[in-house]
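Each chain is listed here by its residues.
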Amino acid sequence: MKRTLITMMILVLAAAIALPGAAAATSPTGSTAVTGHVATRAYVTATDDGILVKANTGWRVEVQSADGYTNYTGGRTAGTELPLPEGTVAYWIVTE
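**Student:** When you look at the pattern of salt bridges in this model, what are you seeing that I'm missing?
**Tutor:** It is possible for side chains of opposite charge to pair when their charged atoms get near one another. Applying the stated criterion across every chain, the model contains two salt bridges. As a salt-bridge pair, Arg60 and Glu62 come within 3.0 Å of each other at their nearest N and O atoms. Between Arg60 and Glu96 there is a salt bridge, and its shortest N-O distance comes to 3.6 Å. With Arg60 in strand S3 (residues 59-65) and Glu96 in the segment after strand S6 (88-95), this pair connects stretches of sequence that are 36 residues apart. With a relative accessible area of 26%, Arg60 lands in the partly exposed category.

This is how it looks when you write it as structure tokens:
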């Protein structure tokens, strides 16, 4: 029993020393490409002078006033401030 235990310990120790070297010598190398999709987001916040647009994609803001419609366009932005014409009735954002 004692001899079997010692023999098993020697085999386990030898395997622990030999296997990592053997695995490194025969392991294949390669690369993987990962792609993802980020959801488009656009936010409009009212400010004292107009609106603030934050978006991670192209956008268009349409403003309706008593004089008609005004369009503003832009791209990715951490904050673009747009003035609102006098008499603005409504505004909305469309992502592209």
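**Student:** Just checking my understanding: could you explain the sheet that holds S3 for this structure?
**Tutor:** What links the strands of a sheet is backbone hydrogen bonding, and the strands pair in either a parallel or an antiparallel sense. Across the sheet, which stays open at both edges, the three strands sit in the order S4-S3-S6 with antiparallel pairing between neighbours. Across the chains shown, the open sheet's two edge strands, defined by having one partner strand only, are strand S4 (68-74) and S6. Across this sheet, the average inter-strand angle for adjacent strands is 15°, counted without regard to direction. Pairing of S3 with S4, which is carried by seven bridges, proceeds in the antiparallel orientation.

**Student:** Quick question: what am I supposed to make of the side chain of Thr57 here?
**Tutor:** Within the secondary structure, Thr57 is located in the loop between strand S2 (50-55) and S3. We classify Thr57 as buried; its relative accessible area is 12%. Leave out the neighbours within four places in its chain, and Thr57 touches Thr40, Arg41, Gly74, Gly75, Arg76, Thr95 and Glu96.

**Student:** Before we go on, may I ask you to explain the nonpolar core in this structure?
**Tutor:** Side chains of nonpolar character tend, in soluble globular proteins, to be buried together. If you look at the biggest cluster of nonpolar residues, it comprises seven residues: Ile51, Val53, Ala55, Trp59, Val61, Val63 and Leu82. Listed by contribution, the elements that provide at least two residues to this core are S2 and S3. If sequence neighbours within four positions are ignored, Trp59 has contacts with Val53, Tyr72, Thr73, Gly74, Gly75, Thr77, Thr80, Leu82, Ile93, Val94, Thr95 and Glu96.

**Student:** Help me out: how do you make sense of the sheet that holds S2 in this one?
**Tutor:** The three strands lie next to each other as S1-S2-S5, forming an open sheet whose pairing is antiparallel. Lying at the two open borders of the sheet, with one neighbouring strand each, are strand S1 (42-46) and strand S5 (77-83). Each strand of the sheet is rotated relative to its neighbour by a mean of 20°, with strand direction disregarded. For S1 and S2, the ladder comprises five bridges, and the chain directions are antiparallel. Looking at the pairing, Val44 lines up with Val53 of S2.

**Student:** Before we go on, may I ask you to explain the environment of Asn56 in this structure?
**Tutor:** On the secondary structure map, Asn56 appears in the loop between S2 and S3. Spatially, the C-alpha atoms of Asn56 and Ala42 are 6.7 Å apart, while their sequence positions differ by 14 residues. Non-local contacts of Asn56, meaning those with residues more than four positions away in its chain, are made with Val38, Ala39, Thr40, Arg41 and Arg76. Within the structure, the side chain of Asn56 is placed 2.7 Å from the backbone nitrogen of Arg41, a separation counted as a polar contact.

What counts, and at which threshold
- Residue numbers run consecutively from 1 along every chain, following the written order of its sequence.
- Only residues with pLDDT of at least 70 get local features here, since the model is predicted, and only at 80 or more are side-chain atom pairs given and counted; chain-wide, interface and lining totals rely on the full set of residues.
- The side-chain quantities take in all heavy atoms of the structure and omit both hydrogens and water.
- For this document, the term salt bridge refers to a Lys or Arg side-chain nitrogen within 4 Å of an Asp or Glu carboxyl oxygen.
- Strands are runs of DSSP state E lasting at least 2 residues, helices are runs of H or I lasting at least 4, and numbering of each runs from the N terminus.
- Residue exposure (1.4 Å probe, protein chains only): buried if accessible area is under 20% of the type maximum, exposed if over 50%, otherwise partly exposed.
- Here, a strand pair is defined by DSSP locating no fewer than two bridges between the strands.
- Under this scheme, a helix contributes an axis fitted over its contacting stretch, all axes are lines through C-alpha atoms, and angles between N-to-C directions fall in the 0 to 180 degree range.
- Here, residues are in contact when the closest pair of their heavy atoms is within 4.5 Å.
- Working definition of a nonpolar core: buried Ala, Val, Leu, Ile, Met, Phe, Trp, Tyr and Cys residues. They are joined through side-chain atoms within 4.5 Å.
- We define a polar contact as two N or O atoms separated by no more than 3.5 Å, with the added condition that, inside protein, one atom must be a possible hydrogen donor and the other a possible acceptor, whereas residues neighbouring each other in sequence contribute only through side-chain atom pairs.

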